[in-house]
Amino acid sequence: MIRWKNEKGPFTSMNNVLSFALLCAVSSAAWSQWLNYPTPGIPRTADGGPDLAAPAPRTFDGKPDFSGMWFAAKTVSDACKKEGCITEERMSRLQVNLGLTLPDGLPYTQWSKDQMKVRMANGGRDDPHAHCMPPNYPRAWTLPQYTKIVQTPGLMVMLHEFNAAYREVYLDGRPLPEDPNPTWNGYSTAHWENDTLVIDTIGIRDDMWLDIQGSPITSRAHVTERLGRPNFGTLEVELTVDDPKAYTKPFTVSFDMAIEVDSQMLDEICLDDEQDAQLYE
Amino acid sequence: MNTTKRVIKGRLVNALTMALLDLTLATTAFAHHSQSEFDSNLPVKVQGTVSKVEWKSPHARLYVDVKQDDGGIVNWNFELPSPNTLMRRGWTRNALQPGDEVTVSGYRARNFPTIGIGKVVTGKDGKAIFAGSQE
């Protein structure tokens, strides 16, 4: 496992390499599932629970270490509890509308409004997520499945439970490519601004959705995610989308992710038993 | 746009969002669904015997044989949360077995009379089996 400076002393890049190699090896094999395995290196309170207010762990070079399993801090469960309904507990309210917390909502262009009218007219049945397509960041932050960050000095990997997906973020100083082949997550590089990791992403596909109501994002988008970890238990995400085709101006949405400890990723391969598409008609 | 208009527009946007959110909670409840699938205007509550449990992604499924007034049996197919979600609530793939008597309430599929999305599952003793911490 990755060890943190403030817990077990500095960790080496070799430790990271070995940890990541082990993670990759384990991910592809049948594994035991320990959802309550007490993980070493977690700051604890007197009762044995995680000390969420403890200082954020840092890497050997003093940067915040964002490694860990994360889920949306504010979820639809809050509303659902009133009904006692069954829902995916970890789904962020921003999954329903990414602009929920903005006074004016998202600044849609007319093109976007037209797109969304079509997308909602048929009940969202063309949502890629509803057809088991891969999770796409930044939308993936707000899905009910977990993101697991594995951070090394030159590369951050985000593992996502849905379809056992991954995203790479390069921290080695390389520039963004000139004309990347559009993909689900685009191409991401990052740099540090003090304790904030600034991730820049371009090369996202044209047909991606940002939320259930069909807010678009296109290949013209430049996405910036500013990550901060003010304490052990919190990952702050400040998301800015600059997409002149889909939005009249850049917009910024901020949200928190919460740490999950003593647990592990559980693959959710959507196509394993997808039966919902037959119900869309 | 002046402040008043912005506030009004903001409230309208949020009202629409909350309506969509309510619909999401009431019907699909899961991110990986179309809104057209289940209908919150078609609540359903059935009592019967578990015939099969499917413990697969993206949704566990509970099949229940329900006796009809005419003596026939109808097999209902109820969609549940993902096995991952259920496991994190302490459920296991063996929590329900064929032959168990259950009552399931939820919502019916819009166009399929014996397919539904499970909201609450209670056992023979009337206690909720499945709703976990949210009940």
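Source: prediction; values computed, not measured.

Enquirer: Please set out the overall build of chain B residue by residue, giving values where relevant.
Expert: Summing up its helical and strand segments, chain B has two helices and five strands in all. Secondary structure elements of chain B, listed N to C terminal, follow the sequence α-β-β-β-α-β-β. In chain B, buried positions account for 50% of the 135 residues. Contacts in chain B between residues at least 24 apart in sequence constitute 51% of all its contacts with a sequence separation of at least 6. Working note: accessible area of chain B is about 6,400 Å², and carbon and sulfur atoms make up 51% of it.

Enquirer: I'd love a proper account of the nonpolar core, names of residues and values included.
Expert: Grouped together as the largest cluster of nonpolar side chains are 43 residues, with contacts concentrated most on Trp141, Met156, Met158, Leu227, Leu235 and Phe251 of chain A. For this core, the leading source of residues is strand β11 (residues 251–260) of chain A, giving five residues. Grouped together as the second largest cluster of nonpolar side chains are 16 residues, Val64, Phe78, Leu80 and Val121 of chain B included.

Enquirer: Explain the confidence of the model for chain B to me, using residue names and the numbers behind them.
Expert: All names here are of chain B. Across chain B, pLDDT averages 76, with 69% of residues at or above 70. When mean pLDDT is taken per element in chain B, strand β2 (residues 61–67) scores highest with 96 and helix α1 (residues 3–28) scores lowest with 44. Here residues 1–29 is a poorly scored stretch, pLDDT under 50, and it has 49 contacts once near neighbours within four places are set aside; other chains count. As scored by the predictor, the complex reaches a pTM of 0.81 and an ipTM of 0.74.

Enquirer: Talk me through the pattern of salt bridges; I want residue IDs and the actual numbers.
Expert: All names here are of chain A. Overall, the coordinates contain twelve salt bridges over all chains when judged by the stated rule. Taking the shortest distance from any N to any O, the salt bridge between Arg44 and Asp262 comes out at 2.9 Å. On the criterion of sequence distance, the pair formed by Arg44 in the loop between α2 (13–27) and β1 (68–72) and Asp262 in the segment after β11 is long-range, its members being 218 residues apart. Under the relative-accessibility criterion, Arg44 is labelled partly exposed at 31%. With a relative accessible area of 15%, Asp262 lands in the buried category.

Enquirer: If you had to explain the sheet that holds strand β9 (residues 222–231) of chain A to someone new, which residues and values would you point to?
Expert: Residue and element names in this part refer to chain A. Spatially, nine strands are ordered β1-β2-β3-β4-β5-β6-β9-β10-β11 in a closed barrel, and the strand pairing comes out mixed. Strand-to-strand twist across the sheet, computed as the mean angle between neighbouring axes with direction ignored, equals 30°. Where strand β5 (residues 187–193) meets strand β6 (residues 196–202), seven bridges bridge the pair, whose relative direction is antiparallel. Across the sheet, residue Ser188 finds its bridge partner in β6, namely Thr201.

Enquirer: Give a description of unusual backbone geometry that names residues and reports values.
Expert: Residue and element names in this part refer to chain A. For the bond from Tyr137 to Pro138, the omega torsion is 10°, close enough to zero to count as cis. Checked against the element boundaries, Pro138 lands in the loop between α4 (110–121) and β2 (147–151). A positive phi is found at Asn163, a non-glycine position, where the angle reads about 60°. Among the secondary structure elements, Asn163 is positioned in the loop between β3 (155–160) and β4 (165–170). Note on Asn163: relative accessible area 22%, which makes it partly exposed. The phi angle at Ala164 is positive, at roughly 50°, despite the residue not being glycine. Inspection of the secondary structure assignment puts Ala164 in the loop between β3 and β4.

Enquirer: Give me the lowdown on the packing of aromatic side chains, citing residues and values where you can.
Expert: Residues and elements named next belong to chain A. Applying the stated criterion across every chain yields a total of seven aromatic pairs over all chains. Each ring, one from Phe71 and one from Tyr146, has its centre 5.6 Å from the other, and the planes form 70°; the classification is edge-to-face. Taken together, the residues Phe71 in strand β1 and Tyr146 in the loop between α4 and β2 connect sequence positions 75 residues apart. For Phe71, a relative accessible area of 11% translates into the label buried. Residue classification places Tyr146 among the buried positions, given a relative accessible area of 1%. Aromatic rings pair up to connect Tyr108, Tyr247 and Phe251 into one cluster. A cation sits over an aromatic face here: Lys245 above Trp111, 4.5 Å from the ring centre.

Enquirer: Explain the sheet that holds β2 of chain B to me, using residue names and the numbers behind them.
Expert: Residues and elements named next belong to chain B. Judged by pairing direction, the barrel is mixed, and its five strands sit side by side in the order β1-β2-β3-β5-β4 before closing back on the first. For this sheet the average axis-to-axis angle between neighbouring strands, irrespective of direction, equals 55°. Two strands pair when backbone bridges link them, and strand β3 (residues 73–79) and strand β5 (residues 115–122) are joined in this way by three bridges, in the parallel orientation. When the bridges of β5 are listed, Glu79 appears paired with Ile117.

Enquirer: Before we move on, can you summarise the environment of Phe78 of chain B with the specific residues and values?
Expert: Residue and element names in this part refer to chain B. Assignment of secondary structure puts Phe78 in strand β3. The spatial distance from the C-alpha of Phe78 to the C-alpha of Ile117 is 5.1 Å, given a sequence separation of 39 residues. If we skip the residues at most four places from it in the chain, Phe78 touches Val44, Val46, Ala60, Arg61, Leu62, Val64, Val104, Gly116, Ile117 and Gly118.

Enquirer: Account for α4 of chain A, naming residues and giving values.
Expert: Residues spaced three or four apart along an α-helix face the same direction, because each turn holds 3.6 residues. All names here are of chain A. An ideal rise of 1.5 Å per residue puts 16 Å on twelve residues; α4 measures up with 16 Å between its terminal C-alpha atoms. Among all positions in α4, only Ser112, Met116 and Arg119 are buried. Buried positions in α4, seen along its axis, are confined to an arc of 60° and lie on one side of it. For α4, the exposed residues lying more than 90 degrees away from the buried face are Gln110, Lys117, Val118 and Ala121. Against β7 (208–209) and β8 (216–217) lie the buried residues of α4.

Enquirer: Account for the side chain of Ser67 of chain A, with residues named and values stated.
Expert: Residue and element names in this part refer to chain A. With respect to the helices and strands, the residue Ser67 is situated in the loop between α2 and β1. Since its relative accessible area comes to 6%, Ser67 is described here as buried. Polar contacts involving the side chain of Ser67 include one to the main-chain amide nitrogen of Gln151, which spans 3.1 Å.

Scoring rules and cut-offs
- Residues numbered from 1 in each chain as written.
- Chains lettered and ligands numbered in written order.
- Predicted model: local features only at pLDDT ≥ 70, side-chain atom pairs only at ≥ 80, totals over all residues.
- Heavy atoms only, no water.
- Helix = DSSP H or I, 4+ residues; strand = E, 2+ residues; numbered from the N terminus.
- Buried < 20%, exposed > 50% of the residue type's maximum accessible area, 1.4 Å probe, protein only.
- Contact = heavy atoms within 4.5 Å.
- Areas by Shrake-Rupley, 256 points an atom, 1.4 Å probe, with all protein chains shown as cover.
- Core = buried A, V, L, I, M, F, W, Y, C linked by side-chain atoms within 4.5 Å.
- pLDDT = per-residue confidence, 0-100.
- Salt bridge = Lys/Arg side-chain N within 4 Å of Asp/Glu carboxyl O.
- Pairing = 2+ DSSP bridges.
- Axes fitted to C-alpha atoms, helices over the stretch in contact; angles between N-to-C directions.
- Phe/Tyr/Trp six-rings, centres within 6.5 Å; stacked < 30°, edge-to-face > 60°.
- Lys NZ or Arg CZ within 6 Å of the ring centre and 35° of its normal.
- Expected span 1.5 Å × (residues − 1).
- Arc of directions from axis to C-beta.
- Polar contact = N/O pair within 3.5 Å; in protein donor to acceptor, adjacent residues only side chain to side chain.

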